2 protein chains.
Amino acid sequence: MDDLLSRLSENLPPEALITDPDVTVSYSNDMASFCDAGTPAVVVLPRTVEQVQHVMRTATELRVPVVPQGARTGLSGAANASDGCIVLSLVKMDRILEISPVDRIAVVEPGVVNAVLSRAVGEHGLYYPPDPSSWEMCTIGGNIGTASGGLCCVKYGVTAEYVLGLEVVLADGRLLSTGRRTAKGVAGYDLTRLFVGSEGSLGIVVKAVLALRPKPPRQLVLAAEFPSAATACDAVCAIMERGHTPSLLEIMDRTTIRAVNEMAQMGLPDTTEALLLAAFDTPDPGPDLAAVGELCAAAGATQVVPAEDAAESELLLQARRLSLTALEAVKTATMIDDVCVPRSQLAAMLDGTAAIAEKYDLTIGVCAHAGDGNTHPVVCFDHHDPGESARARESFDEIMALGLELGGTITGEHGVGVLKKEWLARELGPVGVELQQGIKKTFDPLGILNPGKLF
Amino acid sequence: MDDLLSRLSENLPPEALITDPDVTVSYSNDMASFCDAGTPAVVVLPRTVEQVQHVMRTATELRVPVVPQGARTGLSGAANASDGCIVLSLVKMDRILEISPVDRIAVVEPGVVNAVLSRAVGEHGLYYPPDPSSWEMCTIGGNIGTASGGLCCVKYGVTAEYVLGLEVVLADGRLLSTGRRTAKGVAGYDLTRLFVGSEGSLGIVVKAVLALRPKPPRQLVLAAEFPSAATACDAVCAIMERGHTPSLLEIMDRTTIRAVNEMAQMGLPDTTEALLLAAFDTPDPGPDLAAVGELCAAAGATQVVPAEDAAESELLLQARRLSLTALEAVKTATMIDDVCVPRSQLAAMLDGTAAIAEKYDLTIGVCAHAGDGNTHPVVCFDHHDPGESARARESFDEIMALGLELGGTITGEHGVGVLKKEWLARELGPVGVELQQGIKKTFDPLGILNPGKLF
């Protein structure tokens, strides 16, 4: 331990090293519940690539595990410390190095906050789509590590699709460049993509070249009330089958709507079983919104309410963005699931989740990126009640099992981390696991990068 | 050899095995010039996954190299046989297994021809964007192996962005499933993406889940004539900087225009230095086309000619699609380059290529996916003339060096294969090469999969 600190301080200024246990403990975990977290030996806050390289060389030399962190807004425990580790927080490396409207790229350090980047590129008429709920806090490095999604994915895809190239400090401190600054490029295996979603287990991202898009018009939202989750899902399928390209297509169930109203008095229609939000960000969204309204009505919607203007649309989006936070206030604790199924199985997923809630006598609110088939069942429970806590964990697992049965994945956008590690092997199968472990070993032969996560 | 054939025939019907040297020789190479190709021991044409597994088990047991092939329309020699290898042609595995309009996916075998899939999904109102020039012949498996692009990429991206999941027979015959059928999914490292562009060096793709999009309206094309390549590139930059999203943005230089006219009497304006084609496939392309026309004029266009209708647009596209073939007829041989640079460097790339042509006293025609910065300088030469052939090779290399200098890549969409293998290390650097070799070893420890390509 003394050796570690003295070696680290050789090339790091004192303010980059935190050893006060009262402070370091606050770096021990992200926002996931029910995930083990250890006590870090030290928290390092580097400002340069060279400092990151020094940390990794030291860690390799002394065989100390390193846990990279962004803003710790993750929901799977992927950023949780292990005992005696170096927490490597990248939040001070927060410079936007370049924004090029002609090349439609931004070059950033990993600690740049998602919303800061979004606003900065917006000033150039550009758009960085990935928008996780935590976008005002979460960092681009964290987004890359967890392969974050958001509300925009149904039209614009996930973080992975916006990462063109990376600079990465490897476990042994060497610097790797992957990918490109160009729109296309196929030279060799796609290492860039391998790092996206790797939860810091393959290397430390210290720079990223991100693809940007032209800024679309502000989206106009339509809300539709349904008598059941299944009918709302039917509307989702009809909308996608008819070839619409909404910029957002979300479902909130009754539990979620009530929770949001409870928290923010937003006046959502809380007698309805499911609320569908659909939006378009095209220059002329009118015809699409009208057609979607008709499809909703045909699927059984009891009310179809188009937002009058951008401000009303923004209010509906805020309600949706509040969902997880609001559900967290229903009881003393939550477990947030992230099962993604083929869109055609969405109704089966939501009905199945309701049946699981009933079976375990639990409140499970569901909000979903419905257009992507990506559901977030939120299991609400009293963590002081051991029986209820145990049932919560069981129901959480049963939801994942249901997702796999329906041809889905255990994680659409939150990642595996500690929370779903045991489930990963079920999804990947033994051959997949073996190859993934082989990749891990190629990049991190000593196993010092975020040990205990993923593989 | 006898041993190999007898082992193979244990689980393969006679018609799946070709050993007649007069026939097998026709499988020895793809469409790249100047690439070594060996003589296969046998060509195998499996129809089932089990047959592919049998081939790979046999190859592993006997340590025989396997070269997977699609339609052999590739332009980098990635499908070229090595001496004594098993050529594993996947063209008979050509079933479209599923098309789902609700999930917007298709599930296909690797031998499905790109255009066949495009037309099949079109009947469901869907669209599979990747459209390499060879789309009437090339297979989806080949597209995945080479990570193909096409004319649509400026708006719709490359093959990689449409591959959601794969089934792959590994070197030892085991079956691996990667990825998903869902719109999103982040469980583990992205092995799917690793296979895209891997040129058959990591495993044999036997099934693919592909993402589809709603079929857009037919695109309307505008043609603009420019007094220089540089002014045409200025227009490209202006169009992208202003936030337009063309469905196609192509440049043909004077040499290319003349070659196309020569071949097909298309009446292209062959006194102009560069022809820019821009298209939009939105419901109302008029305002975009008008704005782009103005940007072209401002950049110095001498003529701006919007296509009157879809038929006229199609004619212009045909001219562009003919470019490579037409340039091939200029002299007895060609070397087709595929350098992609940041869009902002496109003018420097084209002017630099012209300077290289002059330096080496060669005809080099350039057509380019200009919106992506992806240029195809085509070096035309007489292969009976050793001096000219040598200069062709030198100029080809110098074009790649220029691309790298300008922050680009040696290959935007054609792949590395044999043609650019020596150049790959220059682009990736020693650390990158070492990790890529590590990945190759993880998947193919005996090195029997397409040896001599990539790594």
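Residues numbered from 1 in each chain as written. Chains lettered and ligands numbered in written order. Predicted model: local features only at pLDDT ≥ 70, side-chain atom pairs only at ≥ 80, totals over all residues. Heavy atoms only, no water.

**With respect to the sheet that holds strand β3 (residues 66–69) of chain A**
Residues and elements named next belong to chain A.
- What the four strands build is an open sheet, ordered β1-β2-β4-β3; its pairing is mixed. Whereas interior strands pair on both sides, the edge strands pair on one side only; in this sheet they are β1 (17–18) and β3.
- The pairing of β3 with strand β4 (residues 86–89) spans four bridges and is classified as parallel. Across the sheet, residue V67 finds its bridge partner in β4, namely V87.
- Strands β2 (42–44), β3 and β4 of the sheet are contacted by helix α3 (residues 49–62), whose axis makes an angle of about 165 degrees with β4. (Pairing = 2+ DSSP bridges. Helix = DSSP H or I, 4+ residues; strand = E, 2+ residues; numbered from the N terminus. Contact = heavy atoms within 4.5 Å. Axes fitted to C-alpha atoms, helices over the stretch in contact; angles between N-to-C directions.)

**Overview of the relation of the copies chain A and chain B**
- Rotating chain A by 180 degrees and moving it 0.0 Å along the rotation axis overlays it on chain B with an RMSD of 0.0 Å. What the superposition gives is, in effect, a two-fold axis relating one chain to the other. (Least-squares fit on C-alpha atoms with pLDDT ≥ 70 in both.)

**Details of the nonpolar core**
- Counting 200 residues, the largest nonpolar core has F226, L276, C296 and F443 of chain A together with F226, L276 and F443 of chain B as the members making the most contacts within it.
- Every residue in contact with F443 of chain A, bar those within four places of it in the chain, is listed here: L170, A171, L176, L191, L194, F195 and L202 of chain A together with L435 and I439 of chain B.
- Counting 26 residues, the second-largest nonpolar core is a separate cluster that includes L5, V55, V66 and L90 of chain A. (Core = buried A, V, L, I, M, F, W, Y, C linked by side-chain atoms within 4.5 Å. Buried < 20%, exposed > 50% of the residue type's maximum accessible area, 1.4 Å probe, protein only.)

**What about the interface of chain A and chain B?**
- Across the contact, 70 residues belong to chain A and 70 residues belong to chain B.
- Taking both partners together, chain A and chain B bury about 5,700 Å²; carbon and sulfur atoms supply 61% of that area.
- Looking only at chain A, the three residues that lose the most surface to chain B are K184, V186 and Y189 of chain A, adding up to 17% of its buried area.
- Viewed at the interface, chain B and chain A are joined by eight salt bridges.
- The closest approach of N and O atoms between R174 of chain B and E434 of chain A, which form a salt bridge, is 2.9 Å.
- Taken together, the elements giving at least two residues each to the side of chain A that touches chain B come down to β9 (175–179), α7 (191–195), α8 (229–241) and α14 (421–443) of chain A.
- In terms of residue count, α14 of chain A provides more of the side of chain A that touches chain B than any other element does, 13 residues in total.
- Across the side of chain A that touches chain B, the residue classes tally to 32 nonpolar, 24 polar and 14 charged. (Buried area = accessible area lost by both parts, 1.4 Å probe. Salt bridge = Lys/Arg side-chain N within 4 Å of Asp/Glu carboxyl O. Nonpolar A, V, L, I, M, F, W, Y, C, P; charged D, E, K, R; others polar.)

**Considerations on the UniProt feature "domain: FAD-binding PCMH-type" (unreviewed entry) in chain A**
- The positions that UniProt labels "domain: FAD-binding PCMH-type" (unreviewed entry) are, in the present scheme, residues 36–215 of chain A.
- For residues 36–215 of chain A, the helix share is 22%, the strand share is 24%, and the end-to-end C-alpha distance is 41 Å. (UniProt positions renumbered as here; feature names shortened; annotations may be inferred.)

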